[in-house]
Amino acid sequence: MFKPLLVGNWKTGVSLPPVAVGSTDALALAKDIVANAGELAELIDLAVCPPFVYIADVKRILSGSGVAVGSQTAAHLPEDAQSKPVTGEVTPFMLRNLITYAIIGHSERLQHCGEDFHTTVAKFKALAAGSNITPVVCISESGGALSDIGKSAAQVREQVKSLLEGYKFEDKADAARPPFAIAYEPVWAIGGDKPASLEHVRFLTDAIRDEANKRLTGSLLAADIVPIIYGGSVSVDTAYDLATLSNVNGFLLGRASLSAEQFIQIGESTLKAHQSKHTS
Ligand code: PGA
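Being a predicted model, the structure only gives us computed values, none of them experimental.

(A) Quick look at the packing of helix α1 (residues 26–37) against helix α3 (residues 55–62). One way to put it is that α1 packs onto α3 with a least axis distance of 9 Å and a crossing angle of 25 degrees. By the angle between their directions, the pair α1 and α3 is classed as roughly parallel. Considering the relative orientation of α1 and α3, their crossing is right-handed. The segment α1 lies against α3, with A26, L27, A30, K31 and V34 engaging D57, V58, I61 and L62. Classifying every residue of the contact of α1 with α3 by side-chain character gives seven nonpolar, no polar and two charged.

(B) Structural detail: the site of the ligand. Lining the immediate surroundings of the ligand are K11, H106, E185, I190, G191, G232, S233, L252, G254 and R255. Contact between the ligand and E185: an oxygen atom at 2.8 Å from a side-chain N or O atom of the residue. A distance of 2.8 Å separates an oxygen atom of the ligand from a polar atom in the backbone of S233. Relative to its free-state accessible area of 280 Å², the ligand is covered by the protein chains to the extent of 99%. Broken down by class, the residue content of the shell around the ligand amounts to two nonpolar, five polar and three charged.

(C) Summary view of the sheet that holds strand β4 (residues 45–49). With respect to topology, eight strands assemble into a closed barrel ordered β1-β4-β5-β6-β7-β8-β9-β10, the strand pairing being parallel. Shown here is a sheet whose adjacent strand axes are inclined to one another by a mean of 25 degrees, direction ignored. Pairing analysis gives three bridges linking strand β8 (residues 181–184) to strand β9 (residues 228–231), with the strands arranged parallel. Looking at β9, one finds that I182 is bridged to I228. Lying over the sheet, helix α6 (residues 117–130) contacts β6 (101–104) and β7 (134–139), oriented at roughly 165 degrees with respect to β7.

(D) Structural view of the nonpolar core. Counting residues in each nonpolar core, the largest one holds 68 residues, and the members touching the most others are W10, I33, L46, V58, L164, Y230 and F251. With residues near it in sequence (within four places) discarded, F251 still touches L5, L6, V7, I229, Y230, V234, A239, L242, A243, I266 and T270. With 13 residues, the next largest nonpolar core counts V7, A47, V136 and A183 among its residues.

(E) Geometry of the pattern of salt bridges. Considering all chains together, one arrives at nine salt bridges under this definition. E211 is paired through a salt bridge with R157; the nearest N and O atoms lie 2.7 Å apart. Taken as a pair, E211 in helix α8 (residues 198–215) and R157 in helix α7 (residues 149–164) lie far apart in primary sequence, 54 residues in all. Between E211 and R215 there is a salt bridge, with the nearest N and O atoms lying 2.8 Å from each other. Of the two residues, E211 and R215 are both situated in helix α8; the distance of four residues between them amounts to about one turn of the helix. By sharing partners, the salt bridges in this structure join R157, D210, E211, K214 and R215 into a single network.

(F) A look at the packing of α7 against α8. Packing of α7 against α8 leaves a shortest axis separation of 9 Å and a crossing angle of 30 degrees. Between α7 and α8, the angle is such that the two are roughly parallel. In this structure, the crossing between α7 and α8 has a hand that is right-handed. Residue-level inspection shows I149, S152, A153, V156, R157, V160, K161 and L164 of α7 in contact with α8, the latter providing E199, H200, F203, L204, A207, I208, D210, E211, A212, K214 and R215. Its residues assigned to classes, the contact of α7 with α8 shows 10 nonpolar, two polar and seven charged.

Parameters at a glance
- Residues numbered from 1 in each chain as written.
- Predicted model: local features only at pLDDT ≥ 70, side-chain atom pairs only at ≥ 80, totals over all residues.
- Heavy atoms only, no water.
- Axes fitted to C-alpha atoms, helices over the stretch in contact; angles between N-to-C directions.
- Helix = DSSP H or I, 4+ residues; strand = E, 2+ residues; numbered from the N terminus.
- Parallel < 35°, antiparallel > 145°, perpendicular 65-115°, else oblique.
- Left-handed = near helix turned anticlockwise from the far one by under 90°.
- Contact = heavy atoms within 4.5 Å.
- Nonpolar A, V, L, I, M, F, W, Y, C, P; charged D, E, K, R; others polar.
- Near = heavy atom within 4 Å.
- Polar contact = N/O pair within 3.5 Å; in protein donor to acceptor, adjacent residues only side chain to side chain.
- Areas by Shrake-Rupley, 256 points an atom, 1.4 Å probe, with all protein chains shown as cover.
- Pairing = 2+ DSSP bridges.
- Core = buried A, V, L, I, M, F, W, Y, C linked by side-chain atoms within 4.5 Å.
- Buried < 20%, exposed > 50% of the residue type's maximum accessible area, 1.4 Å probe, protein only.
- Salt bridge = Lys/Arg side-chain N within 4 Å of Asp/Glu carboxyl O.

Honestly, that's just the spatial picture; any functional story needs more than this.
Written as structure tokens, this is what we have:
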């Protein structure tokens, strides 16, 4: 049985002192999280994902706190480039001793960096094959209206299906950490003022769980070890209710993860909701 998972995606919102205008001090933020995480870091899986260039510094600060560090992407190299130099790329092999999680397929990379879902699948396979890093795979959909929820469900099911085609699940079933996590990230709810509705998140996370269970052998096992997390405008006020949904096992946070206080409070709400689901 997995623990709830809370991942902070710091995006490009941090820098090192002297801190750029409008940016958060990455080192001060990490120190603040360590000072306030307490036993929460043992009860749920907590991770922060700084930009590549700050990972090593942030990791030094987090050392011994139980808070893990991750990246916001990882390179997949096309088959024909595996043994060739590719300028500027950071591969799973390079990251393998540095990070615990890697967010892949975030919709901002799909919008601005020329990636598509095939790239995400290639990254997933590269991480699964070449490292012990847990991919946090973003599954997006472009719907929004409740009346279109059937189309949104078809979009997420298709992505889960392509992702898990040929994936050898049992190989990793004994690992202490989940082999991967799926982040349901409706693109229309990211960076807004409220998350998708509870009804929407319930329907889509249930569809993801159902599709994952069909694709992975040993369906109960899948439900037990692959967390599904939600991302898109989650705040201190909305986290608890979202986390009570049966297939919401944590969050991928953007803006709220740039405040240690909000990050920890959302973690506490996630834990409380998780405990209430498993005692009722
Ligand atoms: P947000 O970002 O929490 O700022 O909406 C979420 C995300 O991009 O995953």
